[in-house]
Amino acid sequence: MDPEALSSDSHVAAAIATRRRSNSVSDDYSVQRTNDDATQCKYFAIQKGYWKDDFISRFANSSANVAEARRFPEISMGYWARTAAVEKYVREFLTEFDGKVQVVSFGCGFDTLFWRLVSSGAKLSKYVEVDFSSVTSKKIRHILKPVGSGSVDLKASFESEAAVSHHSDLHAGNYHLVGADLRQANELDQKLATCQLDYELPTIFIAECVLVYMSADASSSLLKQIVTQFRKPAFVNYEQFRTSDAFTKVMEQNLGERGIQLHGLEMCESAEKQEERFRDAGFKSVKVMDMNQVFNSFLDQDDVARIRQIEMLDEMELLQQLLAHYCIVFARF
Ligand SMILES: C[S@@+](CC[C@H](N)C(=O)[O-])C[C@H]1O[C@@H](n2cnc3c(N)ncnc32)[C@H](O)[C@@H]1O
């Protein structure tokens, strides 16, 4: 039983919830900063020509230096593979249902997929992004800031004028960006309600490097919540994989030094673990691929050949090792 439910006094319950949240604030702050890392690494790879994204410069810090270790070609290739694989799953889903589809991106950070889809003419019914309020409020500021010469106007992709509430939520036609902690079911429910999602429509959820920051219990509850509410959900999940070896220990140690804990790592141990949690939540089919499989067969091999030419990487061992430690899961109801 949830301890809050033991108290009949809602004020006490609210105070307990607030204290519990503030205890984890520093942890959450470090997790939110992982979005800055992802944005800067993607921005760096895009500038190198790994893929095209006219929108990310609105969110990236163009004067910040990317640490040397993050400029390795293997890192840029890893970011390319992850971005391309998520996009491919989403585009295939949109095509399958002729655009009568909702997309919900959990832990969206400064991701630009909405703008990439719309600018390419893709049809979709609704696109909802969710992250901590502190992240969504920054994203809103970037979206609304004045357009300088040579940069794109992100608002031009909206169907109607943007309405902002509480600094953290933005609603503009079929695009919605809302602040919520994914571990707080009620808060998430309330925020999703403001986006007027249609629970009957096919809906694809994205969690790109997000669930691993939540405990196994929290991410399982989230998945169950989705299956209970939505009639035809699909889920694309990208995160760590094969986590019981030395590679992951070193990564955990490095992140730990920056105050980042991977509370959900136990779910990333194997394909069986991933499959188990999606099936337990009620998803009927689950496909798990490590990123080597994604790189070598799922993604367009002409693109892969082009990517390999960019920095003329001939030694593939490090890349293979890196890709072996991440996976993509595609689950359907
Ligand atoms: C590594 S970043 C990835 C951002 C984006 N998905 C991407 O791939 O570029 C992880 C994101 O998940 C968000 N996140 C992690 N736990 C969360 C939670 N409990 N509630 C809301 N957002 C969360 C963080 O704030 C951060 O923006």
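The name given to the protein chain in an unreviewed UniProt entry is Leucine carboxyl methyltransferase 1, and the organism recorded there is Caenorhabditis brenneri. Database annotation for the protein chain, UniProt heading Catalytic activity (unreviewed entry): "[phosphatase 2A protein]-C-terminal L-leucine + S-adenosyl-L-methionine = [phosphatase 2A protein]-C-terminal L-leucine methyl ester + S-adenosyl-L-homocysteine". Per UniProt, the protein chain has the following entry under Sequence similarities (unreviewed entry): "Belongs to the methyltransferase superfamily. LCMT family."

Visitor: I'd like a rundown of the overall build of the protein chain, residues and numbers included.
Guide: Across its full length, the protein chain holds 12 helices and 9 strands. Taken over the C-alpha trace, the protein chain has a radius of gyration of 20 Å; the compact-globule value for 333 residues is 20 Å, and the two agree within 12%. Taking the principal axes of the C-alpha coordinates as reference, the protein chain spans close to 65 × 45 × 40 Å. Pairs at least 24 residues apart make up 77% of the contacts formed inside the protein chain by residues separated by at least 6 positions. Per element, the accessible surface of the protein chain, about 15,600 Å² overall, is 50% carbon and sulfur. Charge separation in the protein chain, taken as the distance between the mean sites of 38 positive and 47 negative side-chain charges, equals 3 Å.

Visitor: So what about the environment of Ser168? Which residues, and what values?
Guide: Among the structural elements, Ser168 can be located in the loop between strand S3 (163–165) and strand S4 (169–172). Residue Ser168 is classed as buried on the basis of its relative accessible area of 5%. Once the C-alpha coordinates of Ser168 and Pro233 are considered, the two residues, 65 residues apart in sequence, prove to be 26 Å apart. Of note is the side chain of Ser168, whose polar atom sits 3.1 Å from the side chain of Asp169.

Visitor: Give me the lowdown on the packing of aromatic side chains, citing residues and values where you can.
Guide: In the structure shown here, the tally under the stated rule is 21 aromatic pairs. When the ring of Phe205 is compared with that of Phe235, the centres are 6.1 Å apart and the planes differ by 15°; the resulting orientation is stacked. You can see Phe205 sitting in strand S6 (residues 202–208) and its partner Phe235 sitting in strand S7 (residues 232–240), a full 30 residues away along the chain. Each member of the pair Phe205 and Phe235 is classed as buried. Taken together, Phe59, Phe110, Phe114, Trp115, Tyr127, Phe158 and Tyr175 form an aromatic cluster joined through their ring pairs. Above the plane of the ring of Phe298 lies Lys88, whose end atom (NZ or CZ) is 4.4 Å from the centre. For the cation-ring pair, Lys284 lies above Phe333, with the distance from its terminal atom to the ring centre recorded as 3.8 Å.

Visitor: Before we move on, could you go through the side chain of Glu74 and cite the residues and values that matter?
Guide: On the secondary structure map, Glu74 appears in helix H3 (residues 73–96). As a buried residue without a salt bridge, Glu74 has its nearest oppositely charged side chain in Arg308, at a separation of 11 Å. Excluding anything up to four places from it in sequence, Glu74 contacts Leu313, Glu315, Leu318, Leu319 and Leu322.

Visitor: Summarise the site of the ligand; cite the residues concerned and give the values.
Guide: Around the ligand, 21 residues are found, and the nearest of them are Lys42, Arg82, Gly107, Asp131 and Leu182. Lys42 is positioned such that a nitrogen or oxygen atom in its side chain is 2.8 Å from an oxygen atom of the ligand. Side-chain polar atom of Arg183 to a nitrogen atom of the ligand: 3.5 Å apart, as the coordinates give it. When the ligand sits alone it has 590 Å² of accessible area, and the protein chains cover 97% of it.

Visitor: Requested: an account of the sheet that holds strand S9 (residues 326–332), with residues and values cited.
Guide: Pairing is mixed in the open sheet, where 9 strands are placed in the order S3-S4-S5-S2-S1-S6-S7-S9-S8. Across the chains shown, the open sheet's two edge strands, defined by having one partner strand only, are S3 and strand S8 (285–290). Geometrically, the sheet is characterised by an average inter-axis angle of 15° between neighbouring strands, direction not taken into account. Relative to strand S2 (residues 126–131), strand S1 (residues 102–106) runs parallel, the two sharing 5 bridges. When the sheet's bridge partners are listed, Gln102 is paired in S2 with Lys126. Across the sheet, helix H7 (residues 216–229) is in contact with S1, S6 and S7; its angle to S7 comes to roughly 160°. Along the sheet face, helix H10 (residues 291–298) touches S7, S8 and S9 and points at about 90° away from the line of S8.

Visitor: Can you tell me about helix H5 (residues 133–144), naming the residues and giving the values?
Guide: Between its first and last C-alpha atoms H5 spans 16 Å; for 12 residues at 1.5 Å apiece the expected length is 16 Å, and the two agree. When H5 is considered as a whole, its buried residues turn out to be Val135, Thr136, Ser137, Lys139, Ile140 and Ile143.

Visitor: Can you tell me about the UniProt feature "binding site: S-adenosyl-L-methionine" (unreviewed entry) in the protein chain, naming the residues and giving the values?
Guide: With numbering aligned to this structure, UniProt lists the feature "binding site: S-adenosyl-L-methionine" (unreviewed entry) at Arg82, Gly107, Asp181, Leu182 and Glu208. A stretch of 127 residues holds the annotated residues, and the largest C-alpha distance among them is 23.6 Å, long enough that they do not meet in one place. Considering the arrangement of structural elements, one finds Arg82 in helix H3. For Arg82, a relative accessible area of 7% translates into the label buried. Not counting the four nearest positions on each side in its chain, Arg82 is found in contact with Ala38, Lys42, Glu208, Cys209, Tyr238 and Met291. Mapping Glu208 onto the fold places it in strand S6. When residues no more than four places from it in sequence are discounted, the contact partners of Glu208 are Lys42, Arg82, Thr83, Val86, Phe106, Asp111 and Tyr238.

Visitor: Residue-level account of the confidence of the model for the protein chain, with values.
Guide: Mean pLDDT over the protein chain stands at 91; residues scoring 70 or higher make up 91%. For this predicted complex, the interface confidence score (ipTM) comes to 0.99, while the overall pTM stands at 0.91.

Visitor: Describe in detail the nonpolar core, supporting the description with residues and values.
Guide: Core analysis: the largest hydrophobic core is formed by 73 residues, its most contacted members being Trp80 and Ile328. Formed by 32 residues, the second largest nonpolar core is a distinct cluster that contains Leu192, Ala207, Ile226 and Ala281.

Cut-off values and rules
- Residues numbered from 1 in each chain as written.
- Predicted model: local features only at pLDDT ≥ 70, side-chain atom pairs only at ≥ 80, totals over all residues.
- Heavy atoms only, no water.
- UniProt positions renumbered as here; feature names shortened; annotations may be inferred.
- Helix = DSSP H or I, 4+ residues; strand = E, 2+ residues; numbered from the N terminus.
- Rg over C-alpha atoms; globule rule 2.2 N^0.38 Å.
- Contact = heavy atoms within 4.5 Å.
- Areas by Shrake-Rupley, 256 points an atom, 1.4 Å probe, with all protein chains shown as cover.
- Lys, Arg positive; Asp, Glu negative; His and termini not counted.
- Charge placed at Lys NZ, Arg CZ, Asp CG, Glu CD.
- Buried < 20%, exposed > 50% of the residue type's maximum accessible area, 1.4 Å probe, protein only.
- Polar contact = N/O pair within 3.5 Å; in protein donor to acceptor, adjacent residues only side chain to side chain.
- Phe/Tyr/Trp six-rings, centres within 6.5 Å; stacked < 30°, edge-to-face > 60°.
- Lys NZ or Arg CZ within 6 Å of the ring centre and 35° of its normal.
- Salt bridge = Lys/Arg side-chain N within 4 Å of Asp/Glu carboxyl O.
- Near = heavy atom within 4 Å.
- Pairing = 2+ DSSP bridges.
- Axes fitted to C-alpha atoms, helices over the stretch in contact; angles between N-to-C directions.
- Expected span 1.5 Å × (residues − 1).
- pLDDT = per-residue confidence, 0-100.
- Core = buried A, V, L, I, M, F, W, Y, C linked by side-chain atoms within 4.5 Å.

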